[in-house]
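# Summary of the model geometry
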Amino acid sequence: MNDGNSAVLPHSETHGNGLAARLNWLRAGVLGSNDGIVSVAGIVIGVAAATADRGTIMTAGIAGLAAGAVSMALGEYVSVSTQRDSERAILEVERRELAEQPEEELAELAAIYEHKGLSPVTARKVAEELTEQDAFLAHAEAELGIDPNELTNPLHAAVSSAISFTLGALLPLLAILVPTAIRIPFTAGAVLVALASTGAAGAWLGQAPVRPATIRVLIGGAVAMLVTYTVGHLVGVAL
């Protein structure tokens, strides 16, 4: 119920930060899938260029999938843990400053809103009302750009990264199972189609131009497969 003193925001606007966070996670998942596609496609095509033995190709592909998923998960866990430790340290400093010098912090918060375009009187009023509600949250968001209630969980990030990489890697791993005569071109074609999709999706979620992003991903994937195919073919002939 509206009491006439406050505006009622549309539902989608009241959770703007949460929506942005979910879109970032989804975009990260798309990019993780893209890594899985390219990495394992390079492995299986390289090995397929050296040998037609399906068992050897699958062993290499599965090993690449496992190694890539673990590597992605560990890298994401370490990265996000470091980021969260840094955010916690900064937040603790802010909490201490609020306890030791509340007036200075109030003036600083008012100055932030004044810098954004509010009049000095209005900026002071906004700062005072936000401080009365939750001073720590107000300063964390305005000064640091951090929501202390939504710090990224490194375990969630690691699991998400591993899953997205694995899902992407399954495509070339399954595509390479087709008959030997069409194995490499079929896998390369399927990979390029998938990369075009993930490239376009990643660009769209990141609000970037779709066409150049898709072209870059396609070129990168094609180069990766060409390089591994050439290496595999040369090694296979030499051995």
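So, a few notes on the structure that sits alongside this text. (Residues numbered from 1 in each chain as written. Predicted model: local features only at pLDDT ≥ 70, side-chain atom pairs only at ≥ 80, totals over all residues. Heavy atoms only, no water.)

This brings us to the overall build of the chain. For the chain, the count of helices and strands is 8 helices and 0 strands. Counting from the amino terminus, the chain carries its helices and strands in the arrangement α-α-α-α-α-α-α-α. Across the 239 residues in the chain, those meeting the buried criterion constitute 31%. Nonlocal contacts in the chain, meaning residues at least 24 apart in sequence, comprise 70% of its contacts between residues at least 6 apart. (Helix = DSSP H or I, 4+ residues; strand = E, 2+ residues; numbered from the N terminus. Buried < 20%, exposed > 50% of the residue type's maximum accessible area, 1.4 Å probe, protein only. Contact = heavy atoms within 4.5 Å.)

Our next topic: the packing of helix 3 (residues 54–100) against helix 6 (residues 154–175). For the pair helix 3 and helix 6, interaxial distance at closest approach is 8 Å and the crossing angle is 155°. Viewed along their axes, helix 3 and helix 6 adopt a mutual orientation that is roughly antiparallel. The interaxial crossing formed by helix 3 with helix 6 has right-handed handedness. (Axes fitted to C-alpha atoms, helices over the stretch in contact; angles between N-to-C directions. Parallel < 35°, antiparallel > 145°, perpendicular 65-115°, else oblique. Left-handed = near helix turned anticlockwise from the far one by under 90°.)

Bringing the pattern of salt bridges into the picture now. Taken as a whole and judged by the stated rule, the model has 4 salt bridges. R124 is the salt-bridge partner of E103, the closest N and O atoms lying 3.9 Å from each other. Of this pair, E103 sits in helix 4 (residues 102–115) while R124 is found in helix 5 (residues 120–144), placing the two residues 21 residues apart along the sequence. Overall, E103 belongs to the exposed group, its relative accessible area being 52%. You can call R124 partly exposed: its relative accessible area is 31%. Through salt bridges with shared partners, a single network forms among E103, R124 and E128. (Salt bridge = Lys/Arg side-chain N within 4 Å of Asp/Glu carboxyl O.)

Ranked by internal contacts, the top residues of the largest apolar core, which has 23 residues, are V40, V44, I57, L173, I176, V191 and M225. Listed by contribution, the elements that provide at least two residues to this core are helix 2 (16–50), helix 3, helix 6 and helix 7 (183–205). For this core, the element with the most residues is helix 2, which contributes 7 residues. Other than its neighbours up to four places away in sequence, V191 contacts I37, A41, L171, P172 and M225. Counting residues in each nonpolar core, the second largest holds 9 residues, with L109, Y113, A123 and A138 among its members. (Core = buried A, V, L, I, M, F, W, Y, C linked by side-chain atoms within 4.5 Å.)

There is a patch of nonpolar side chains on the surface, built from Y77, V78, L155, V159, I163, L167, L170, L174 and L177 and spanning about 810 Å² of accessible area. Of all the secondary structure elements, the ones that give two or more residues to the nonpolar patch are helix 3 and helix 6. In terms of residues, the nonpolar patch owes the most to one element, helix 6, which gives 6 residues. Mapping L170 onto the fold places it in helix 6. (Patch = residues over 30% accessible without salt bridge, like charges linked within 9 Å, V, L, I, M, F, W, Y side chains within 5 Å. Areas by Shrake-Rupley, 256 points an atom, 1.4 Å probe, with all protein chains shown as cover.)

What follows deals with the side chain of E105. Mapping E105 onto the fold places it in helix 4. No salt bridge is formed by the buried E105; the nearest opposite charge belongs to R96, separated by 10 Å. In this view, E105 contacts E94, E97, L98, H139 and E143; residues no more than four positions away in its chain are not counted. (Lys, Arg positive; Asp, Glu negative; His and termini not counted.)

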